[in-house]
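Single-letter residue listing:
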Amino acid sequence: SAEEIPELKEAYTQASMNSWSQDELEVYEYWQIRDAAERYSLEQQYDTGKIEGKMEGKIEGKIEGKIEGKVEGKIEGKLETAVEMIKDGALNDKIKKYTGLTDSEIDGLRGQMVAG
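This text gives an overview of the structure that appears in the document. (Residues numbered from 1 in each chain as written. Predicted model: local features only at pLDDT ≥ 70, side-chain atom pairs only at ≥ 80, totals over all residues. Heavy atoms only, no water.)

Here we come to the pattern of salt bridges. Taken as a whole and judged by the stated rule, the model has four salt bridges. In the salt-bridge network here, residues are joined through shared partners; they are D93, K96 and D103. (Salt bridge = Lys/Arg side-chain N within 4 Å of Asp/Glu carboxyl O.)

All right, on to the nonpolar core then. Formed by A82, V83, M85, I86, A90, I95, L101, I106 and L109, the largest nonpolar core amounts to nine residues. When residues of this core are traced back to their parent elements, those giving at least two are α2 (22–87) and α4 (103–115). Counting residues per element, this core draws most heavily on α2, at four residues. If we skip the residues at most four places from it in the chain, I86 touches I95, I106, L109, R110 and M113. (Core = buried A, V, L, I, M, F, W, Y, C linked by side-chain atoms within 4.5 Å. Buried < 20%, exposed > 50% of the residue type's maximum accessible area, 1.4 Å probe, protein only. Helix = DSSP H or I, 4+ residues; strand = E, 2+ residues; numbered from the N terminus. Contact = heavy atoms within 4.5 Å.)

Our next topic: a positive patch on the surface. A cluster of like positive charges, contributed by K50, K54, K58, K62, K66, K70, K74 and K78, occupies part of the molecular surface. As for its position among the elements, K78 is in helix α2. (Patch = residues over 30% accessible without salt bridge, like charges linked within 9 Å, V, L, I, M, F, W, Y side chains within 5 Å. Areas by Shrake-Rupley, 256 points an atom, 1.4 Å probe, with all protein chains shown as cover. Lys, Arg positive; Asp, Glu negative; His and termini not counted. Charge placed at Lys NZ, Arg CZ, Asp CG, Glu CD.)

So, about the side chain of N92. Tracing the backbone shows N92 in helix α3 (residues 92–99). Classification of N92 by relative accessible area gives buried; the value is 16%. Contacts of N92, omitting those with residues within four sequence positions, involve D103, I106, D107 and R110.

There is a patch of like negative charges on the surface, built from E52, E56, E60, E64, E68, E72, E76 and E80. Along the polypeptide, E72 turns up in helix α2. Assessed through its relative accessible area of 47%, E72 is described here as partly exposed.

With that settled, the discussion passes to the packing of α3 against α4. At a closest axis distance of 10 Å, the pairing of α3 and α4 adopts a crossing angle of 110°. As judged from the angle between their axes, α3 and α4 are roughly perpendicular. By crossing handedness, the relation of α3 to α4 is classed as right-handed. In contact with N92, I95 and K96 of α3, α4 contributes D103, I106, D107 and R110. Class assignment for the residues of the contact of α3 with α4 results in two nonpolar, one polar and four charged. (Axes fitted to C-alpha atoms, helices over the stretch in contact; angles between N-to-C directions. Parallel < 35°, antiparallel > 145°, perpendicular 65-115°, else oblique. Left-handed = near helix turned anticlockwise from the far one by under 90°. Nonpolar A, V, L, I, M, F, W, Y, C, P; charged D, E, K, R; others polar.)

Another point: the packing of aromatic side chains. What the rule picks out here adds up to two aromatic pairs. Here the aromatic rings of Y30 and W31 are separated by 5.3 Å at their centres, their planes lie at 75°, and the arrangement is edge-to-face. (Phe/Tyr/Trp six-rings, centres within 6.5 Å; stacked < 30°, edge-to-face > 60°.)

This part is about the packing of α2 against α4. As a packed pair, α2 and α4 sit with axes 10 Å apart at the nearest point and diverge in direction by 65°. The angle between α2 and α4 falls in the class roughly perpendicular. Once α2 is placed against α4, the crossing between them reads as right-handed. Where α2 abuts α4, its residues L79, A82, V83, I86 and K87 lie against I106, L109, R110 and M113. For the contact of α2 with α4, a count of residues per class yields seven nonpolar, no polar and two charged.

Next up, the structure:
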């Protein structure tokens, strides 16, 4: 039906407005303003959500980067400590105790030091 097509429905409404009373015109205008306000509000909410999402993503990225940096720093520190202990002739058990590295990780370091 023609009423299901928004453009035709609007055209019919505009054509029939000539016969409306002042009260009917005011009610129609009220609903037009209200619909426009709701659309604007939804657009604002969408825009605000996009901005908040971007900000949240940036913050999460920074936090993730800091955590990743700290973890990498700790691992690097453990490896440096293990290398120094290997140079001093420490055994794997002692190196494991102070660094938390596994035997295979320590042996890998020893192999790199001999190869390098």
